[in-house]
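Geometric and topological summary
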There are 4 protein chains.
Amino acid sequence: MENGLTHTRHPGPDRCVFAVDGHAGTATVTRLAATPGVIDVLTAPGDQWLSARRVRPRTTRVDVGFGVEVGGDAFVVAAGPCAVESQAVLNDITSVVALGGASILRGGAFKPRSHPASFQGLGAEGLALLARQREITAIPVVTEVLDPRHVAAVAESADILQIGARNMHNFELLKEAGRSGRPVLLKRGLAATVDEWFGAAEYVLRTGNPHVILCERGIRTFEPATRFTLDLGAVAVAKRRGHLPVLVDPSHATGRRELVRPLALAAAAAGADGLLLDVHTAPETARCDGAQALTATDFDRLMADLRPLLRALGRPLASDTRVLAEGNPT
Amino acid sequence: MENGLTHTRHPGPDRCVFAVDGHAGTATVTRLAATPGVIDVLTAPGDQWLSARRVRPRTTRVDVGFGVEVGGDAFVVAAGPCAVESQAVLNDITSVVALGGASILRGGAFKPRSHPASFQGLGAEGLALLARQREITAIPVVTEVLDPRHVAAVAESADILQIGARNMHNFELLKEAGRSGRPVLLKRGLAATVDEWFGAAEYVLRTGNPHVILCERGIRTFEPATRFTLDLGAVAVAKRRGHLPVLVDPSHATGRRELVRPLALAAAAAGADGLLLDVHTAPETARCDGAQALTATDFDRLMADLRPLLRALGRPLASDTRVLAEGNPT
Amino acid sequence: MENGLTHTRHPGPDRCVFAVDGHAGTATVTRLAATPGVIDVLTAPGDQWLSARRVRPRTTRVDVGFGVEVGGDAFVVAAGPCAVESQAVLNDITSVVALGGASILRGGAFKPRSHPASFQGLGAEGLALLARQREITAIPVVTEVLDPRHVAAVAESADILQIGARNMHNFELLKEAGRSGRPVLLKRGLAATVDEWFGAAEYVLRTGNPHVILCERGIRTFEPATRFTLDLGAVAVAKRRGHLPVLVDPSHATGRRELVRPLALAAAAAGADGLLLDVHTAPETARCDGAQALTATDFDRLMADLRPLLRALGRPLASDTRVLAEGNPT
Amino acid sequence: MENGLTHTRHPGPDRCVFAVDGHAGTATVTRLAATPGVIDVLTAPGDQWLSARRVRPRTTRVDVGFGVEVGGDAFVVAAGPCAVESQAVLNDITSVVALGGASILRGGAFKPRSHPASFQGLGAEGLALLARQREITAIPVVTEVLDPRHVAAVAESADILQIGARNMHNFELLKEAGRSGRPVLLKRGLAATVDEWFGAAEYVLRTGNPHVILCERGIRTFEPATRFTLDLGAVAVAKRRGHLPVLVDPSHATGRRELVRPLALAAAAAGADGLLLDVHTAPETARCDGAQALTATDFDRLMADLRPLLRALGRPLASDTRVLAEGNPT
């Protein structure tokens, strides 16, 4: 482009957005706006953000595979163990969550731990277990990626690449994940402002990958009663400011099993597009974050409370729509 | 009492609690437990807290007058202007909120402002306006008290004494408010832990006044997208730890009108017993916090969304039960 | 004044400041500026703050009695027990701190405690002990006041009224303390911004009392390694923005004895005008915050390190100047 | 080792530490302690941390090349531009800082920026400029590495690998940096506790690389008057808890040039082993963080104030010792 301007192209269902970097003079803007096919030229600061709702007024629907969509009318539950431990345990947990109403299986193969002596996940073996589970159960899988050099391997085994809170500012990882073309679940950093969260999303979007899902998981504050402070205000802000779907992870936010249910319901009421939940069939033996994992009973109770709430909010549960779709042979 | 122990008596609907201060030896505890009529002697740290759910398993119902109860089955909405400005404006706003589904009128006569040049409220004149409004409309009134020397006057004009976030640690004020016998609405401090919030409640309870209502209104964090960060995790913790009813103030927490609705719904879903809302019929002219006040239309829309949500949660709206009760002549 | 403007008069050593509230038109400003004797009319937002350095370019020197000045060339140490416990203990501690280099005795008679069952201080009896100590030792005394109704009594026994962090937003107390005419030591609130801290100072200054001393004592953050996070950046900001002297309390900020010395030295290097230190001759028996109190040995070691540091900074220690002044008979 | 225990070996100047992972029974511990040559077996939680002062009582001296040591008796200043822009500008700045008293040149080639449209650094070209500068000036260079795949290239051009605050939890990067064998400057994360900071250091130390330098650069809090809140309490804690040298970066912490000097002096007084400073000869043209860069005059003034302060603290400035050593031909 002229005047040292550079641009990237971002196709979408209803319009194509061009992000132009550099300082364009008034003449250039006027000429661009007059170009046939150009609907609008947004110049105010912030407007260039590909995640802005002003750029795409409708919430982006991210197709995560196996007929599941995040950001559509239906509310999506992703559930599973914090860390993948063995095929047997993963099997048990998948049955519980899939039957209970989850549409996505979550499970960590690579775990970022504050101390090197803590359990770091099964790594490649964990990926293989997830891939096998996904094949058997026909359920999309989300798992975390920690290292740009692992992106290809993770993208092969999983349907959604999770960028953890501790890596939200790891821009090289964000770019590599974006380039994989896979949907990216971007957790908010422990001390990241909403503004920086959107900046991180932009790193992925600028690779040409529009499949970004945000996930609020609690921020660091002075309050010790919960592990982190779940910021549902940020969810409400994110839904207004951007067009990306937003999930909420009440398990990591609170770190306490008995607080997951009230905050999961609150997240739905605040306008979140879904949940990310820790579920374990034997939390007392879990190798990671057992205190926050819902048991099978807890999970069922939560889903039983969630369904009427979603009805009141005018939103079906994704797994219910899917069953209906499959159940309808015509 | 023996051994330098002192105690205070706290009667309740189903049992009477005695709070004993000092270090009692095992012999004393054993003997107290054996005393006829004594159900239990709780000694572990924290157990002596009069607010603990272990002490009173059922949520305290606070009768705030005019047939309104906070902490019962019904969900209570308190709404009104941030600051009382004039009889005419107060009249307008009261009509809107009372017809729309609020059971309590809120309005500030004394306003704590960070700078002395800001509008400080109408003071005694504001109290008189609130008192007149309450007489005309037969609606209980909650208003803030800032100074122990004003407690008597405020207690005469209002049904509930509000202790603001900036005064949560003002223990002399808490004690004076407690001694008035009026219900006390205790807002959480900007940087108060849940533990300290309960400590402040204890100051009121120890005066022998059991009518304490907690109110979460957002805490100070690094996030600038909202004025404060609403901590619904603290609401869930407070409901489990204590037996006091908990309200949520999404207006002050967010400081932005468009975020009040999602967070009000979230608060209900998280288990709050009610809401405290800023409503103004002409927010652009409000002398205080106009950016966060709901308009009449906003308020009606919120109530329209809140009712089905409460039904899903199995909780009626207080104003609806009251209308039913009044509407039933038999 | 015309146009509904109101003003207050604030005399000072070199100029008299008039704070005018209300919106003055350009004509009024021009006319005021042309009035004989008027040096300058400041109108930009913030300029009206009586604490602004733009209004008084030189640091305010607060005469706290007994020949001690805070905010002058000399660096001032205030030290003593967190809470006054008995005449004997207070005597011991006073000897240690007065001989060691403190110019002001600190000690709490009224203690704000998060839980009502904690030791609340000796109250009036504590005040009497402080008054006696001050008479015997000829040392100015600073003590906290919690209730507007106690201001007169405290002002009679003490030379400086301390407003604690938990009461920084207690504006009724600030006004009453200001009206006493006594110097006011204003601690920063646990979650107060520098802006709000200055707003609180303004409440005192607007009563016509210019003797305000600020005190940074740590803010609430996520870090649990120290009780609070000492914010020396705020000290540097406060010294640039305003003309009020600023002390630092490393004892309450850290809550750990072994961290007091490094942070006390850091405070001096950052430009603070003095320190507020917890010292106790038998910390293991202290009824309040024993873990943070310096022993006599700790205090002497700190002072031994502080003196050369102050020399390097070009600032004498206040107690040394005083001894010199007294020791010089000519 | 027996019982599934694993160990890593960490040689040091005075003793060799073996970190053993796994749960050793009492019998094993007793037998290990009785092994000839074993001085001590530390088992309490935390003791296994290779960074603990209990493990190495003396501060680790990190030789960063060109005769410069961090963590020794001398206080070390690292200074330079936030981002490397051109050879000419880098030349100018290096002259200023090297003549003024800095012993290490800092400069960013890869810049982590919150938004992808911001200047991201010159990358490989920036590395080449730094390497040339270091060759000409014979000054060690510190620069940030963002991606595990860049570690080898950065290790070739720089003497110290900087891990930025946003990557403190990027454990794959930490491990790769550790394996390079180069000294690693580990900045504290924006919301990392001291505990997590030490956990991150452990990731590097466990690769067998003992050359870790910590750097405090401010944490996220509610206070907007400074960009971050410099936590000198954490510096004092880190110096007591661990044996690693600790630097302080007052430039990034405050984000405001006029606050750098007071906080730099405070850091030295708090016990830091050195400083990391942004210096730019033409800050108004800087492509990154110009508002916080010291000018040549600012830098000289800071050094002029720092020298007497260091003398009072009993610590020479590293560049002065070096000049003396070089200046002494015998």
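Residues numbered from 1 in each chain as written. Chains lettered and ligands numbered in written order. Predicted model: local features only at pLDDT ≥ 70, side-chain atom pairs only at ≥ 80, totals over all residues. Heavy atoms only, no water.

For chain A, an unreviewed UniProt entry supplies the name 3-deoxy-7-phosphoheptulonate synthase and the organism Marinitenerispora sediminis.

1. Looking at the interface of chain B and chain A
Listed by partner, the interface residues are 36 residues for chain B and 36 residues for chain A. At the junction of chain B with chain A, the criterion picks out two salt bridges. Of the charged contacts, one joins B:R188 and A:E223 as a salt bridge, the two residues approaching to 2.7 Å between their closest N and O atoms. In this assembly, chain B and chain A are joined by six residue pairs in polar contact (both at pLDDT 80 or more). Of all the secondary-structure elements, those providing two or more residues to the side of chain B that touches chain A are α7 (232-241), α9 (257-270) and α10 (296-313) of chain B. For the side of chain B that touches chain A, the leading source of residues is α9(B), giving nine residues. The residue inventory of the side of chain B that touches chain A, partitioned by class, reads 23 nonpolar, five polar and eight charged. (Contact = heavy atoms within 4.5 Å. Salt bridge = Lys/Arg side-chain N within 4 Å of Asp/Glu carboxyl O. Polar contact = N/O pair within 3.5 Å; in protein donor to acceptor, adjacent residues only side chain to side chain. Helix = DSSP H or I, 4+ residues; strand = E, 2+ residues; numbered from the N terminus. Nonpolar A, V, L, I, M, F, W, Y, C, P; charged D, E, K, R; others polar.)

2. A few points about the sheet that holds strand β5 (residues 76-80) of chain B
Residue and element names in this part refer to chain B. Around the barrel, eight strands lie side by side as β5-β6-β7-β8-β9-β10-β11-β12; this closed barrel has parallel pairing. If you compare each strand with its neighbour and ignore which way they point, the axes differ by 25 degrees on average. Packing against the sheet, helix α3 (residues 124-137) makes contact with β6 (104-106) and β7 (141-144), and its axis sits at approximately 170 degrees to β7. Where helix α5 (residues 171-179) meets the sheet, its contacts fall on β8 (160-163) and β9 (184-187), and the angle it forms with β8 comes to roughly 170 degrees. (Pairing = 2+ DSSP bridges. Axes fitted to C-alpha atoms, helices over the stretch in contact; angles between N-to-C directions.)

3. Overview of the interface of chain C and chain D
Contacts between chain C and chain D engage 36 residues on the former and 36 residues on the latter. Between chain C and chain D, roughly 2,600 Å² of surface is buried when both sides are summed, and carbon and sulfur atoms account for 74% of that area. If you sort the residues of chain C by the area they bury against chain D, C:F222, C:E223 and C:R240 come out on top, with a joint share of 20%. Applying the counting criterion to the chain C and chain D interface returns two salt bridges. Summed over the shared surface of chain C and chain D, the result is six residue pairs in polar contact (both at pLDDT 80 or more). It is helix α9 (residues 257-270) of chain C that contributes the most residues to the side of chain C that touches chain D, nine residues altogether. Tallied by class, the residues present in the side of chain C that touches chain D amount to 23 nonpolar, five polar and eight charged. (Buried area = accessible area lost by both parts, 1.4 Å probe.)

4. Focus: the side chain of B:Q133
Residue and element names in this part refer to chain B. Within the fold, Q133 resides in helix α3. A distance of 3.0 Å separates a polar atom in the side chain of Q133 from a polar atom in the side chain of Q87. Look past the residues within four positions of Q133 in its chain and what remains in contact with it is Q87, L90, N91, T94, L105 and A138.

5. Quick look at the sheet that holds strand β5 (residues 76-80) of chain D
With parallel pairing, the eight strands of this closed barrel are ordered in space as β5-β6-β7-β8-β9-β10-β11-β12 (chain D). The average undirected angle you get between the axes of adjacent strands in this sheet is 25 degrees.

6. Observations concerning the relation of the copies chain C and chain D
At an RMSD of 0.1 Å, chain C and chain D line up after a rotation of 180 degrees and a shift of 0.0 Å along the axis. Interpreted geometrically, this transformation is the action of a two-fold axis. Within chain C, the C-alpha atom positioned nearest to the axis of rotation is that of C:A266, 2.0 Å from it. A share of 100% of interface residues in chain C that are also interface residues in chain D marks the association as one of identical surfaces. (Least-squares fit on C-alpha atoms with pLDDT ≥ 70 in both.)

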